[in-house]
Amino acid sequence: MSKTTELQIEKSRNLIGGLRKHLKSGVGGGVTTAEIDEMERQLTELQKANDECDRLRAELSPKVKHMNDVMLGVKAAYAEHKKTLKGYYPQERWAEFGVPDKR
């Protein structure tokens, strides 16, 4: 859970608890039970959405690591083959092989 989301959930829970406590004693500051219920519903929705994001991050992290590992291999192969081509062919022919470098 992101620190920002975690902090907002905690602050909202505390506010809802305080509002409900004072609403029962008659000091609600103009806040209605329906408004508190709606805020609580939104907070529950935020918690569910955050849990889903955490689950997706957990699934995504190893896939991103794998992609980065494959990318390193591709970059290394590209650099090696480009270097070989540049050493073997004159600059005028590099574009034929998909090498845009002009030196």
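Treat the numbers as computed from the prediction; the structure is a model and nothing was measured.

Novice: Teacher, can you tell me more about the side chain of Thr 5 here?
Specialist: Structurally, the position occupied by Thr 5 is in helix α1 (residues 3-24). Given a relative accessible area of 18%, Thr 5 falls into the buried group. Polar contacts involving the side chain of Thr 5 include one to the side chain of Ser 2, which spans 2.8 Å. Non-local contacts of Thr 5, meaning those with residues more than four positions away in its chain, are made with Leu 46 and Asn 50.

Novice: Hey, could you run me through the packing of α1 against helix α2 (residues 33-88) in this one?
Specialist: Helix-helix packing is characterised by the crossing angle of the two axes and by the distance between the axes. The N-to-C vectors of α1 and α2 enclose an angle of 160°; their axes lie 10 Å apart at closest approach. With respect to α2, the element α1 is oriented roughly antiparallel. Between α1 and α2 lies a crossing of left-handed hand. Contacts between α1 and α2 involve Thr 5, Ile 9, Ser 12, Arg 13, Leu 15, Ile 16, Leu 19, Arg 20 and Leu 23 on the former and, on the latter, Thr 33, Ile 36, Asp 37, Met 39, Glu 40, Leu 43, Leu 46, Gln 47 and Asn 50. When the residues that make up the contact of α1 with α2 are grouped by side-chain class, the tally is nine nonpolar, five polar and four charged.

Novice: How should I be thinking about the pattern of salt bridges in this particular structure?
Specialist: Here the idea is simple: oppositely charged side chains can pair when their charged atoms come close. Under the criterion given, the structure shown has nine salt bridges. Note that Arg 41 and Glu 38 form a salt bridge whose closest N and O atoms lie 2.6 Å from each other. Separated by three residues within a single helix, Arg 41 and Glu 38 lie in helix α2, roughly one turn from each other. Classification of Glu 38 as partly exposed rests on a relative accessible area of 33%. Glu 96 is the salt-bridge partner of Arg 93, the closest N and O atoms lying 3.2 Å from each other. Take Glu 96: its relative accessible area is 55%, and that puts it in the exposed class. Via salt bridges that share partners, Arg 20, Asp 37 and Glu 40 belong to a single interconnected network.

Analysis parameters
Starting from 1, residues in each chain are numbered consecutively following that chain's sequence as written. Given that the model is predicted, a residue must reach a pLDDT of at least 70 before its local features are reported, and side-chain atom pairs must reach 80 or more before they are shown or counted; all residues, however, enter totals for whole chains, interfaces and linings. To obtain the side-chain values, all non-hydrogen atoms of the structure were included, while hydrogens and water were left out. Helix and strand labels come from DSSP, where a helix needs a run of H or I of at least four residues and a strand needs a run of E of at least two; each type is numbered from the N terminus. The buried label goes to any residue with under 20% of its type's maximum accessible area, the exposed label to any with over 50%, and the partly exposed label to all in between, with areas taken from a 1.4 Å probe on protein chains only. Side-chain atoms alone can form a polar contact between residues adjacent in sequence; in general such a contact is a pair of N or O atoms within 3.5 Å, and within protein one must be able to donate a hydrogen while the other accepts it. Contact between two residues is taken to exist if any of their heavy atoms lie within 4.5 Å; hydrogens are not considered. An axis is simply a line fitted to the C-alpha atoms; with a helix, the fit covers only the stretch in contact. Between two such axes, the angle follows the N-to-C directions and lies from 0 to 180 degrees. Throughout, the term roughly parallel applies to angles under 35 degrees, roughly antiparallel to angles over 145, roughly perpendicular to angles from 65 to 115, and oblique to all others. For any pair of crossing helices, the crossing counts as left-handed if the nearer helix is rotated counterclockwise from the farther one by less than a right angle, and right-handed if it is rotated clockwise. Only Asp, Glu, Lys and Arg are considered charged, only Ala, Val, Leu, Ile, Met, Phe, Trp, Tyr, Cys and Pro nonpolar, and every remaining residue, Gly among them, polar. A side-chain nitrogen of Lys or Arg and a carboxyl oxygen of Asp or Glu constitute a salt bridge if their distance falls within 4 Å.

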